[in-house]
Amino acid sequence: MSTTKQDIRALTKEQLRAFFVKEGDKAFRGNQVYEWLWQKSAHSFEEMTNISKETRQMLEANFVINHIQVDTMQRSSDGTIKNAVRLHDDLIVESVLIPTATRTTACVSSQVGCSLDCRFCATARLKRMRNLNPDEIYDQVVAIDNESRLYHNRPLSNIVFMGMGEPLMNYKNVLEAIDKITSPEGLAMSPKRIVVSTSGVPKMIKKMADDNVKFKLAVSLHSAIDEVRTSIMPFNATFPLASLREALEYWYTKTKNRITYEYVVWKGINDQRKDVDALVKFCKFAPSKVNLIEYNPIDDGEFQQAKSEAIDMYQNVLEANNITVTIRRSRGKDIDAACGQLANKS
Ligand code: SAH
């Protein structure tokens, strides 16, 4: 159902306070409504029980709350949960809850589809439809937090922007969502528990550094050799490794925050010694660590996970060069919830 009423969560607290003053009410009413909208994550004006009925009706006449709906929820045998989330305009994005012994991580989407064209990623096959609004990102986190409490008896502990979309191509809204997530007036989570993962948009990495953000940065590198990277991530032709490297050095100089490189090793693509050597060299430019991710096959057989010998070689060579390396096993594969598998199959 389309509507011309304004999304009330597009207003700042100050704008909401000003609205009530204009309506002849107290500015404080704005604070109360703001608290319902964010901290209490109200889906409707009726829920706002400390607001008079007339005021609620007046809000109803002027605004909508474009709350997301969890359309379907799938649970994996390993405890991973995937939500298909319906937006107010009926588009769908996915978000994932990943439980481990010590933490529960929400993997959230920042765009509907993606404009990048990584050849190994299922989301890339959906064209980018639109950016998510800050409230739509925030709602995904709230939904996962509720599920974490319900199914795992603990609140959400971490958030990764590794769902659908390229967060740095929706930077303003991602930043606003993180502001709300970390604010005491929102979820009060520590920014140190949030990772923004990017394919590497140099200009935006510099902007993040200038904005003095407190969350962590991960870069989907996958190859430190331009020809190889361009062949699997074609946008690398526009943002080659030299410009990425320069932006990352800038990031580290300004933030002193170590960078994580996400890296999948594929058979016949980046499984040779020269590939590891290039990665080692790239890692020397700014303090960093490498996260070797297991490949999650998407339908065709073009990409295949490298043999374990190749992964061992990466680990050995990186460690011999004093670079921290972690190996990340996939979660939720049986429900297509693993990295790169989010494509609204349902
Ligand atoms: N656009 C952002 C965030 C989304 S992708 C980015 O590129 O970082 C999240 C991570 O999943 C990235 O590291 C991406 O390279 C990786 N990925 C994509 N497809 C994958 C697949 N099929 N198997 C394993 N990892 C994949």
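Preceding this section is the structure that the text describes.
Definitions and cut-offs
All residue numbers refer to position in the chain's written sequence, counted from 1. Since the coordinates come from a predicted model, pLDDT governs what is reported: local features require at least 70, and pairs of side-chain atoms require 80 or more to be given and counted, while whole-chain, interface and lining totals use all residues. Values reported for side chains reflect all heavy atoms of the structure, with hydrogen atoms and water molecules removed beforehand. The salt bridge definition used is simple: a Lys or Arg side-chain nitrogen within 4 Å of an Asp or Glu carboxyl oxygen. Relative accessibility decides the category of a residue: with a 1.4 Å probe and only protein chains considered, values under 20% of the type maximum give buried, values over 50% give exposed, and everything between is partly exposed. A run of DSSP states H or I qualifies as a helix once it reaches four residues; a run of E qualifies as a strand once it reaches two. Both are numbered from the N-terminal end. Among the buried residues, those of types Ala, Val, Leu, Ile, Met, Phe, Trp, Tyr and Cys that are joined through side-chain atoms within 4.5 Å form a nonpolar core. In what follows, residue pairs with any heavy atoms lying within 4.5 Å of each other are defined as contacts. At least two DSSP bridges between two strands are needed for those strands to be called paired. Handedness rule for crossovers: strands pointing away from the viewer, path from the first strand over the helix to the second running clockwise, crossover right-handed. Only Phe, Tyr and Trp rings are paired, with Trp represented by its six-membered ring, and only when their centres lie within 6.5 Å; those with planes under 30 degrees apart are stacked, over 60 edge-to-face, the remainder tilted.

Draft legend 1. How the structure looks around the pattern of salt bridges. Summed over all chains, the structure comprises 20 salt bridges. In this structure, K207 engages D211 in a salt bridge whose closest nitrogen and oxygen atoms are separated by 3.0 Å. Under the relative-accessibility criterion, D211 is labelled partly exposed at 32%. Residues R245 and E249 are paired through a salt bridge, measuring 3.7 Å at the closest nitrogen-oxygen approach. Pair noted here: R245 and E249 are both in helix 8 (residues 241-255), with a separation of four residues, about one helical turn. Taking relative accessible area as the criterion, R245 reaches 30% and is therefore assigned partly exposed. Judged by relative accessible area, E249 falls into the partly exposed class, the value being 29%. Each member of the salt-bridge network shares a partner with another, and the members are R9, D135 and D139.

Draft legend 2. Focus on the nonpolar core. Core analysis: the largest hydrophobic core is formed by 95 residues, its most contacted members being I8, V33, M48, L59, I159, F161 and L248. Of all hydrophobic cores here, the second largest spans 16 residues; its members include C118, F120, C121 and I298.

Draft legend 3. Broad picture of the side chain of K82. In this fold, K82 is placed in strand 4 (residues 81-86). In this structure K82 touches T72, M73, Q74, E94, S95, V96, I335, D336, A337 and L342, once residues within four positions along its chain are discounted.

Draft legend 4. A look at the pairing of strand 9 (residues 158-161). Burial along strand 9 is two-sided: the face carrying N158 and V160 and the face carrying I159 and F161 are both buried. Of the strand pairs in this sheet, strand 9 and strand 10 (residues 194-198) are connected by three bridges, and their pairing is parallel. Paired with F161 across the bridge in strand 10 is V196. For the crossover from strand 9 across helix 5 (residues 171-182) to strand 10, the handedness is right-handed.

Draft legend 5. Local environment of unusual backbone geometry. In this model, N212 sits at a positive phi of 55 degrees, which is unusual for a non-glycine residue. You can see N212 is positioned in the loop between helix 6 (202-210) and strand 11 (216-220).

Draft legend 6. Expanded view of the environment of Y314. For Y314, the position within the fold is in helix 10 (residues 308-320). Linking Y314 and L292, residues 22 residues apart in sequence, is a C-alpha distance of 8.7 Å. Not counting residues up to four positions away in its chain, the partners in contact with Y314 are Y263, V265, N270, D271, D275, V276, L279 and L292.

Draft legend 7. Geometry of the packing of aromatic side chains. Within the structure shown, the criterion is met by 13 aromatic pairs. Both rings, one in Y34 and one in W38, keep their centres 6.5 Å apart while their planes meet at 50 degrees; by these two values the pair is tilted. Summarising the burial analysis for this pair, Y34 and W38 share the class buried. Centroid distance F120 to W266: 4.7 Å. Interplanar angle 35 degrees. Geometry classified as tilted.

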